[in-house]
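# Breakdown of the fold
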Amino acid sequence: MYSVLLTITILSFRCVLTPGDPYMPLPNDEIIRRVAKQVLALFPSSQGLEVIWSSVVKIGQSLYREGPGKDPFRPDQKTPVKNFFLAGSYTKQDYIDSMEGATLSGRQASAYICNAGEELVALRKQLAAFESQEQMEAPTTTNDELSLV
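Residues numbered from 1 in each chain as written. Predicted model: local features only at pLDDT ≥ 70, side-chain atom pairs only at ≥ 80, totals over all residues. Heavy atoms only, no water.

Despite not being glycine, Asn83 has its phi angle at roughly 60°, a positive value. For Asn83, the location among the structural elements is in the loop between strand S3 (54–60) and helix H2 (99–115). (Helix = DSSP H or I, 4+ residues; strand = E, 2+ residues; numbered from the N terminus.)

Structure, rendered in structure tokens:
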């Protein structure tokens, strides 16, 4: 699966084409022409504007591709790893590969983090005690004892 990241300056638009498989073999100029045509069709107020700068970035295997039976492979924001949470449009939420999906995912992850608050405070205290113990046990050296050789 491929995606194509396309930046076109038409009122400063940034477009991500996914799945990008049909676009990968096309020359950049053709991709830009097709996207500009779609933008002009979708946004009537943009009529009369022209592309003055564009950049096409083709990245293979960069986005999640939605398809039948693939939803179970999307990770939840709360992982099986204790105190490890995920956020991003690729995680389980209703809006695939979009800013809305990334935002919703971040909100879901923050809810899990808030629910783990007491556990995280206890972990922080444990880490502080461990670091304090390490500092007390660390041998002290003077500048005279250090050598670059």
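Structure's up, so let's keep going.
Note that soluble globular proteins tend to have their nonpolar side chains buried in a common cluster. Judged by nonpolar contacts, Cys15, Leu17, Tyr23, Leu26, Ile31, Ile32, Val35, Val39 and Val56 together constitute the single largest core of nine residues. Broken down by secondary-structure element, the contributors of at least two residues to this core are strand S2 (13–17) and helix H1 (28–42). Considering every element that reaches this core, the biggest residue donor is H1, with four residues. (Core = buried A, V, L, I, M, F, W, Y, C linked by side-chain atoms within 4.5 Å. Buried < 20%, exposed > 50% of the residue type's maximum accessible area, 1.4 Å probe, protein only.)

Let's shift gears to the pattern of salt bridges. Taken as a whole and assessed by the stated rule, the structure comprises three salt bridges. Of the charged contacts, one joins Glu30 and Arg33 as a salt bridge, the two residues approaching to 2.7 Å between their closest N and O atoms. Here Arg33 and Glu30 lie together in helix H1, a separation of three residues that amounts to about one turn. Exposure remark for Arg33: the relative accessible area of 44% places this residue in the partly exposed category. A salt bridge links Glu119 to Lys82; the nearest nitrogen and oxygen atoms lie 3.0 Å apart. Residue Glu119 is found in helix H3 (residues 117–137), and its partner Lys82 is found in the loop between S3 and H2; the two are separated by 37 residues along the sequence. You can call Glu119 partly exposed: its relative accessible area is 38%. When its relative accessible area of 61% is taken as the criterion, Lys82 is described as exposed. (Salt bridge = Lys/Arg side-chain N within 4 Å of Asp/Glu carboxyl O.)

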